[in-house]
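Spelled out from the first residue to the last, the chains are:
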Amino acid sequence: MNPETRYTVREDVAVDPAQQESLDHREDFPNIRHHIARQFANLWTKESALRRLPVLQWAPTYKLNSLISDIIAGVTVGLTSIPQSIAYATVANLEPQYGLYSNFMGSFIYAFLGSVKEITVAPTAVMALMVQQPVLNLGPAGAVLLSFLSGCIMLLLGCLNFGFVVQFISMPVITGFITAAAITIISSQLKSLMGISSSGKSSGFVDTWVNLYENIGETQLWDSVLGFSSLFILILLTLIKGRGKGRWKIFSKYLCLLRNAMIVLSGGLIAYICSTQDKYPFRLTGKVASGLPPLNPPPFETDHEGKHYDFIDMIRTLGSSIISVPLISILEIVSIGKAFSRGRLVDATQEMISLGCCNVASSFVSSIPTTASFARSAINSSSGVVTPFGGVFTGALVLLALGLLTDYFYYIPKTTLAAVIIAAMIFIIEYRAVAEMWRIKRIDIVPFLVTVVACLFLGLEIGIVVGIAVNLCFPLYLASRPRITHRIMKIDGTTVLIVRPDSDLAFSSAEYFREKILKLVTSTIPDIVLIDGEWVKFVDSTVVKNLSSTVSDIKQQQRHVLLWRWDKNVRNALYRFKKDKFMPLFRNDESAEKVVENWKPGFLNDSFINNV
């Protein structure tokens, strides 16, 4: 038998040594069919069912005490949610009933699919602001279709297990976006707070202030008095929440929880009393359509301002909001879920699926896009909610209001709704987060400020993309500048330069790595350059080519190069590029002294072959 012949598992079939060597160093591609089959198999497991239907986790142990707690929390949230939803409809340039249409279906769906018991799905100020332009261009049909499309996108991302995407959006960017959105919303409500009836409806920060400046002379005295008084009371009630001791502490807590409902009801009562005397000192909400919304599919074509839009036209008109609205919705619900998780892991994928279902279902009852509300989720938490089932009672209260109370909404002054929105936005701005960034890592202020400025002057959709792009520059820069340590050793009279990168190498760091080594070689003039790859587990083709050039450049300077402790996958990649060039360079000895001791220039011993 030929001694150089190697054998496979079948001992009767000989394999050529060169062919076997190529097989040893080939790159194995993942078995995609096996991976897909495994994913589908996992869909039908008990663990998957419990994860995708959280109701199965808490329903078996649901008790009467839990039901009572959920009823109290759900009704409390509903009393706050009803006036806020009407107010957010005005932010979106829609009739008030659309705010209520958006406030019950999501609560019902999330009660069974949601994984965070505190979260309340409803229209929010940010979502209302982001649908202003679609409403201006397409009317209510634009907002409803956007809700359907956003839900479909979120549902698709959730089914594809894309929950990891939110990890690429950092806290400074989220904080900057929320801050800019709050400032924009506050600015847009100043007009209503002061009773200005200008027709300007632009959602832009700059245009809002220009419009306010041009129409400041139309300020109404009594609207301003009622609006600023309501705002002062709301802020005061928020600040005294939970302060004091004993009964006063409990009283102040619940007084604060009901502050929005109290202010809206008080303003409506004052306006109604004035109307009985034929006096109308305030701009009123006006007639709110009573009854439940019709159950219809979302509009795939519409007529607005004398122009017909088919589905393609509507998609073209909605533009980037089709992407930005679901992105912001996901960010809000995941960030709010983390805020209330109390150490529990938040399944971002499950939140995508649940929120997607909420928006798709809500679009059949004329809803605008919805997401988690921080203010109402906080109320839900402080009210002692036990399970997501509390949302059912919030939704039921909204339906009750639609059926029985809409006639009374006519007298609600717009200035009190503006005060409710502004008060909520003042406390949504994350002042503490900004202070923490300044104290912990001041460089984080840069993406925060960039996001705020971009959102204010370029719009929320473009602004958050700019903020994400700027923030990603930081990790990309760090990846392109890996930490490279070096030391000089004298071994048996030989000067050895040991260079070690402390992380994986990718195309962005390839040239930097090459330049760093060549500069060290030039400055230290060693006999042997020992490149230690202990921490390098991945390289791409750009790094392989640059490393080949580096070896050639060092050899041209009449110096020897050895590659020490490189991972098998990296060695295989270098081997596949230039076998004859790299094979003699690899060493796996236990120490640098052993490398130099066992190494002989121009000679490849048997121990080296075994190491490789």
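Because the structure is a prediction, the values reported are computed rather than measured. (Residues numbered from 1 in each chain as written. Predicted model: local features only at pLDDT ≥ 70, side-chain atom pairs only at ≥ 80, totals over all residues. Heavy atoms only, no water.)

Asker: How do you make sense of a nonpolar patch on the surface when you look at a structure like this?
Answerer: Taken together, the side chains of Leu156, Leu160, Phe162, Phe164, Val165, Phe168, Leu472 and Leu476 define a hydrophobic patch exposed on the protein surface, amounting to about 730 Å² of accessible area. With respect to the helices and strands, Phe164 occurs in the loop between helix 10 (140–159) and helix 11 (171–193). With a relative accessible area of 41%, Phe164 lands in the partly exposed category. (Patch = residues over 30% accessible without salt bridge, like charges linked within 9 Å, V, L, I, M, F, W, Y side chains within 5 Å. Areas by Shrake-Rupley, 256 points an atom, 1.4 Å probe, with all protein chains shown as cover. Salt bridge = Lys/Arg side-chain N within 4 Å of Asp/Glu carboxyl O. Helix = DSSP H or I, 4+ residues; strand = E, 2+ residues; numbered from the N terminus. Buried < 20%, exposed > 50% of the residue type's maximum accessible area, 1.4 Å probe, protein only.)

Asker: Please clarify how the sheet that holds strand 11 (residues 586–587) should be interpreted in this entry.
Answerer: The strands that make up a sheet pair up through hydrogen bonds in the backbone, lying either parallel or antiparallel. Ordered by their spatial adjacency, five strands build an open sheet running 7-8-9-10-11, and the pairing between neighbours is mixed. The strands lining the two open edges of the sheet, one partner per strand, are strand 7 (484–491) and strand 11. Inspection of the sheet shows strand 7 paired to strand 8 (residues 494–501) by eight bridges, in the antiparallel sense. Bridge pairing in strand 8 links Ile488 to Leu497. Along the sheet, helix 25 (residues 507–524) contacts strand 7, strand 8 and strand 9 (528–532); its crossing angle with strand 8, the most-contacted strand, is approximately 160 degrees. (Pairing = 2+ DSSP bridges. Contact = heavy atoms within 4.5 Å. Axes fitted to C-alpha atoms, helices over the stretch in contact; angles between N-to-C directions.)

Asker: Honestly, the environment of Ser335 in this entry has me stumped. Any pointers?
Answerer: Structurally, the position occupied by Ser335 is in helix 17 (residues 321–340). It is 9.5 Å that separates the C-alpha atoms of Ser335 and Ala348, two residues lying 13 residues apart in sequence.

Asker: What's the story with the pairing of strand 10 (residues 560–564) in this structure? I'm lost.
Answerer: A regular strand carries its side chains on alternate faces of the sheet. Most of strand 10 is tucked away: four of the five residues are buried. As paired elements, strand 9 and strand 10 share five bridges and run parallel to each other. Looking across to strand 10, one finds that Ile531 is bridged to Leu563. For the handedness criterion, the β-α-β arrangement of strand 9, helix 26 (residues 541–556) and strand 10 is classed as right-handed. (Right-handed = clockwise from strand over helix to strand, strands pointing away.)

Asker: How should helix 19 (residues 374–382) be read in this particular structure?
Answerer: Residues separated by three or four positions in an α-helix point in the same direction, a consequence of the helix having 3.6 residues per turn. Of all the positions in helix 19, only Arg376, Ser377, Ile379, Asn380 and Ser381 are classed as buried. Of the residues one or two after helix 19, Gly384 is the one with positive phi, at around 85 degrees.

Asker: Please clarify how the confidence of the model for the protein chain should be interpreted in this entry.
Answerer: As a general rule, the predicted coordinates of low-pLDDT regions are not to be interpreted in detail. Here the protein chain shows a mean pLDDT of 83. Residues at 70 or above account for 89%. Every residue in residues 1–23 is under pLDDT 50, and counting partners more than four places away or in other chains gives 18 contacts. A low-confidence stretch, residues 602–612 (pLDDT under 50), is modelled with 16 contacts involving residues beyond four sequence positions or located in other chains. (pLDDT = per-residue confidence, 0-100.)

Asker: When you look at unusual backbone geometry in this model, what are you seeing that I'm missing?
Answerer: Residues other than glycine predominantly adopt negative phi, and peptide bonds predominantly adopt the trans conformation. Positioned with a positive phi, Asn93 is a non-glycine residue whose angle comes to about 65 degrees. Tracing the chain through its elements places Asn93 in the loop between helix 5 (64–91) and helix 6 (97–101). Judged by relative accessible area, Asn93 falls into the partly exposed class, the value being 22%. A positive phi angle is found at Ile525, which is not glycine, with a value near 50 degrees. Examined against the element boundaries, Ile525 turns out to sit in the loop between helix 25 and strand 9. On the basis of relative accessible area, Ile525 is assigned to the exposed category, the value being 51%.

Asker: Can you help me understand the nonpolar core in this one?
Answerer: Proteins that are soluble and globular tend to have nonpolar side chains buried together. Counting 82 residues, the largest nonpolar core has Ile82, Tyr88, Met130, Phe177, Ile328, Phe409 and Met425 as the members making the most contacts within it. Residue contacts for Phe177: discarding those within four places in its chain leaves Val126, Met130, Ile328, Thr451, Cys455, Leu460 and Ile464. Counting residues in hydrophobic clusters, the runner-up holds 28 residues, among them Ile484, Leu497, Ile531 and Val536. (Core = buried A, V, L, I, M, F, W, Y, C linked by side-chain atoms within 4.5 Å.)

Asker: Honestly, the pattern of salt bridges in this entry has me stumped. Any pointers?
Answerer: Side-chain pairs of opposite charge can arise whenever the charged atoms involved come near each other. By the definition in use, this model includes eleven salt bridges. Among the ionic pairs, Asp502 bridges to Arg500, the shortest N-O distance being 3.5 Å. Of the residues examined, Asp502 reaches a relative accessible area of 25% and is grouped as partly exposed. The partly exposed category is assigned to Arg500, whose relative accessible area is 24%. Its salt-bridge partner being Arg565, residue Asp532 comes within 2.5 Å of it at the nearest N-O pair. In this pair, Asp532 sits in strand 9 while Arg565 sits in the loop between strand 10 and helix 27 (568–577), placing the two residues 33 residues apart along the sequence.

Asker: Whenever I open this one, empty space enclosed by the protein confuses me. Can you help?
Answerer: In this approach the atoms are scanned with a rolling probe the size of a water molecule, which exposes any empty space left behind. Throughout the structure, instances matching the rule amount to two cavities of 30 Å³ or more. Computed from the structure, the largest cavity encloses a volume of approximately 80 Å³. Every element with two or more residues in the lining of the largest cavity is listed here: helix 7 (105–113) and helix 20 (390–404). For the lining of the largest cavity, the leading source of residues is helix 7, giving four residues. Looking at side-chain class alone, the lining of the largest cavity contains five nonpolar, six polar and one charged residues. The volume enclosed by the second largest cavity comes to roughly 40 Å³. Taken together, Ile174, Phe177, Ile178, Ile328, Leu331, Glu332 and Ser335 make up the lining of the second largest cavity. Where the lining of the second largest cavity is concerned, the elements lending two or more residues are helix 11 and helix 17. Among the elements that take part in the lining of the second largest cavity, helix 17 stands out by supplying four residues, more than any other. (1 Å grid on protein atoms, 1.4 Å probe; cavity = no way out; pocket = protein on both sides within 12 Å on 5 of 7 lines; lining within 4 Å. Points joined across faces, edges and corners; volume = space filled by probe spheres on them. Nonpolar A, V, L, I, M, F, W, Y, C, P; charged D, E, K, R; others polar.)

Asker: What should I look at first to understand the environment of Pro447 in this one?
Answerer: Note on placement: Pro447 falls in helix 23 (residues 445–458). The spacing of Pro447 and Val173 is 274 residues in sequence and 6.1 Å in space, taken between C-alpha atoms. Not counting chain neighbours up to four residues away, the residues in contact with Pro447 comprise Pro172, Val173, Asn471 and Phe474.

Asker: I keep staring at helix 16 (residues 311–318) and nothing clicks. Help me out?
Answerer: Two or three places before Ile312, at the start of helix 16, stands the capping residue Asp310, its side-chain oxygen 3.3 Å from that residue's backbone nitrogen. After helix 16 finishes, the residue Gly319 shows a positive phi value of roughly 60 degrees. (Polar contact = N/O pair within 3.5 Å; in protein donor to acceptor, adjacent residues only side chain to side chain.)

Asker: Would you take a moment to explain the packing of helix 7 against helix 18 (residues 348–362) for this structure?
Answerer: The description of two helices packed together rests on the angle between their axes and the distance between the axes. The geometry of helix 7 relative to helix 18 is characterised by a closest axis approach of 9 Å and an angle of 150 degrees between their N-to-C directions. One way to sum up the angle between helix 7 and helix 18 is to call them roughly antiparallel. In the packing of helix 7 onto helix 18, the handedness of the crossing is right-handed. Between helix 7 and helix 18, the residues in contact are Met105, Gly106, Ile109, Tyr110 and Leu113 and Gln350, Glu351, Ser354, Cys357, Cys358, Ala361 and Ser362, respectively. When grouped by side-chain class, the residues that make up the contact of helix 7 with helix 18 number seven nonpolar, four polar and one charged. (Parallel < 35°, antiparallel > 145°, perpendicular 65-115°, else oblique. Left-handed = near helix turned anticlockwise from the far one by under 90°.)

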